[in-house]
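The lines below spell out each chain.
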Amino acid sequence: MTKEKTSSADADRLLVKRVQAGDQAAFNALVLKYQQRVLKLVSRYVRDPEEALDVAQEVFIRAYRALKGFRGDSAFYTWLYRIAVNAAKNAIGAATRNPVEGGLDVDDPELVEVQRRMTDEATPERLLYTEELKETINRAIEELPSELRRAILLREVKGLSYEEIAQVMDSPVGTVRSRIFRAREAVAQSIKPLLE
Amino acid sequence: MSDLLREQLSALMDGELPHEECELLVKRISTSADLAQSWHAYHLIGDALRDQLAGGDAEQLAPRVREALTEEGKERFHHAGRWRRWSTLVAGIAVLGLAGLAGSLITSHMDSGKVFAPSGASGTRVGSAIHVDWRSEPQPVQAELSRYLMMHDPYGLTPNPSGDKAGGAVTAMPPLNTSAQGGQSSNTSY
């Protein structure tokens, strides 16, 4: 008899349930999971990285406050996505209503460009960090034994289930699970210094 | 933290963990810093491989959100404390106000006897009408009641109207059934 498996959304549902019961650390796990996606989404609307970060923070705080009323009719990320888009649109709306910001007129394309370059110049460390993180992860993936590399790429990039990967690789599901775990562990060790 | 737990975590992320193992593991994520760190790293790896990294700033989000929520919690706690202090103060003032009002009403009633005076004796001071020592007045009902109790009290515990304890009433008690008490003395008194 095969055991009933969870979906990735089930982990979210369980975490949400714990947050609703008052476990704030469970919410931290949800933030850790979605922080990259939410910031990337918000950054599509809000160009200024500092403001985008503020808006993304606001997204999570709003989500936390509203989570008591979340019934789970949709997936948690679908719900969070809507909050993020609304918050980003509100931020744009606020910027349009207050055209003079930081002494620069955002309606003036030349000044906006100057501001953008100033902001970019102000965040080289952040860009460097992201680049370093990407490079470290890619290098670690390249250095993995081929079975491990193949398993993790089929899972993370192609989004295949363990069952599907097992068929592709002609290996038992348990072996696939173990390979994916070992691949993640090896890469996690390589980025550990960057996360401390 | 064991490899087994981390392997379970990896499977949970992929939605490949059996149901019965999920709840406990999710609980562990929120209680174990090591497990939370692995959870973070594994998701970061996936985001990087799918080209979903937003930038270095995203790594600041979790601590910032945590801090903001902690501050908000503290603020709510202080707000509740302030609210409690204010409500205590308001309640105290209300009680004092009510006590003052009651006091002034009593004083005004004491000063003007009109309120309690009988209709035919307007202008009589309330004090003279109220401060009658009713205990010194003959109370026909009370006397009647005392007499009744005297007559129907087999143990003679009711004081007679003259104030003496009816000590002789003990002798008037019905005799005890001594045989039922295994030959105890019939002089047993209470």
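Okay, so let's go over this structure.

Reading the values: the criteria
Residues numbered from 1 in each chain as written. Chains lettered and ligands numbered in written order. Predicted model: local features only at pLDDT ≥ 70, side-chain atom pairs only at ≥ 80, totals over all residues. Heavy atoms only, no water. Salt bridge = Lys/Arg side-chain N within 4 Å of Asp/Glu carboxyl O. Helix = DSSP H or I, 4+ residues; strand = E, 2+ residues; numbered from the N terminus. Buried < 20%, exposed > 50% of the residue type's maximum accessible area, 1.4 Å probe, protein only. 1 Å grid on protein atoms, 1.4 Å probe; cavity = no way out; pocket = protein on both sides within 12 Å on 5 of 7 lines; lining within 4 Å. Points joined across faces, edges and corners; volume = space filled by probe spheres on them. Contact = heavy atoms within 4.5 Å. Buried area = accessible area lost by both parts, 1.4 Å probe. Polar contact = N/O pair within 3.5 Å; in protein donor to acceptor, adjacent residues only side chain to side chain. Nonpolar A, V, L, I, M, F, W, Y, C, P; charged D, E, K, R; others polar. Expected span 1.5 Å × (residues − 1). Phe/Tyr/Trp six-rings, centres within 6.5 Å; stacked < 30°, edge-to-face > 60°.

All names here are of chain A. On inspection of all chains with the given rule, the structure shows 17 salt bridges over all chains. Here E58 makes a salt bridge to R62, at a shortest N to O gap of 3.8 Å. On the criterion of helical spacing, the pair formed by E58 and R62 is a turn pair, its members being four residues apart in helix α3 (residues 49-66). Exposure remark for R62: the relative accessible area of 31% places this residue in the partly exposed category.

This paragraph deals with the layout of surface pockets. As a volume, the second largest pocket reaches approximately 250 Å³. Taken together, 14 residues make up the lining of the second largest pocket; nearest its centre are L32(A), L195(A), Q37(B), H40(B) and R66(B). Counting only elements with at least two residues in the lining of the second largest pocket, the list comes to α2 (24-45) and α9 (173-195) of chain A together with α3 (33-49) and α4 (58-111) of chain B.

Take the interface of chain A and chain B next. Taken residue by residue, the interface counts 63 residues in chain A and 55 residues in chain B. Taking both partners together, chain A and chain B bury about 5,800 Å²; carbon and sulfur atoms supply 61% of that area. On inspection of chain A and its partner chain B, the count reaches nine salt bridges. The salt bridge partner of E156(A) is R50(B), with a shortest N-O separation of 2.6 Å. At the boundary of chain A with chain B, the tally comes to 22 residue pairs in polar contact (both at pLDDT 80 or more). Those elements that place two or more of their residues in the side of chain A that touches chain B are α1 (8-20), α2, α3, α6 (124-142), α7 (146-156) and α9 of chain A. Per-element tally for the side of chain A that touches chain B: the top contributor is α2(A), with 14 residues. Here the side of chain A that touches chain B is composed, by residue class, of 30 nonpolar, 12 polar and 21 charged.

Here α3(A) is 18 residues long and its end C-alpha atoms lie 25 Å apart, about the 26 Å a rise of 1.5 Å per residue gives. Restricting attention to buried positions, one finds in α3(A) the residues A52(A), L53(A), V55(A), A56(A), Q57(A), V59(A), F60(A), I61(A) and A63(A).

Turning our attention to the packing of aromatic side chains. Centre distance and the angle of the planes are the two values used to describe a pair of aromatic rings. Residue and element names in this part refer to chain A. Across all of its chains, the model carries seven aromatic pairs over all chains by this definition. For the pair Y34 and Y77, a centre-to-centre distance of 4.9 Å together with 20° between the ring planes defines the contact as stacked. Linking Y34 in helix α2 with Y77 in helix α4 (residues 76-97), this pair joins segments that are 43 residues apart in sequence. A ring pair is formed by F76 and W79, whose centres lie 5.8 Å apart and whose planes are at 40°; its orientation type is tilted. With a gap of three residues between them, F76 and W79 both fall in helix α4, about one helical turn apart. Each member of the pair, F76 as well as W79, carries the same accessibility label: buried. Taken together through their ring pairs, the aromatic side chains of Y34, F70, F76, Y77, W79 and Y81 make up a single cluster.

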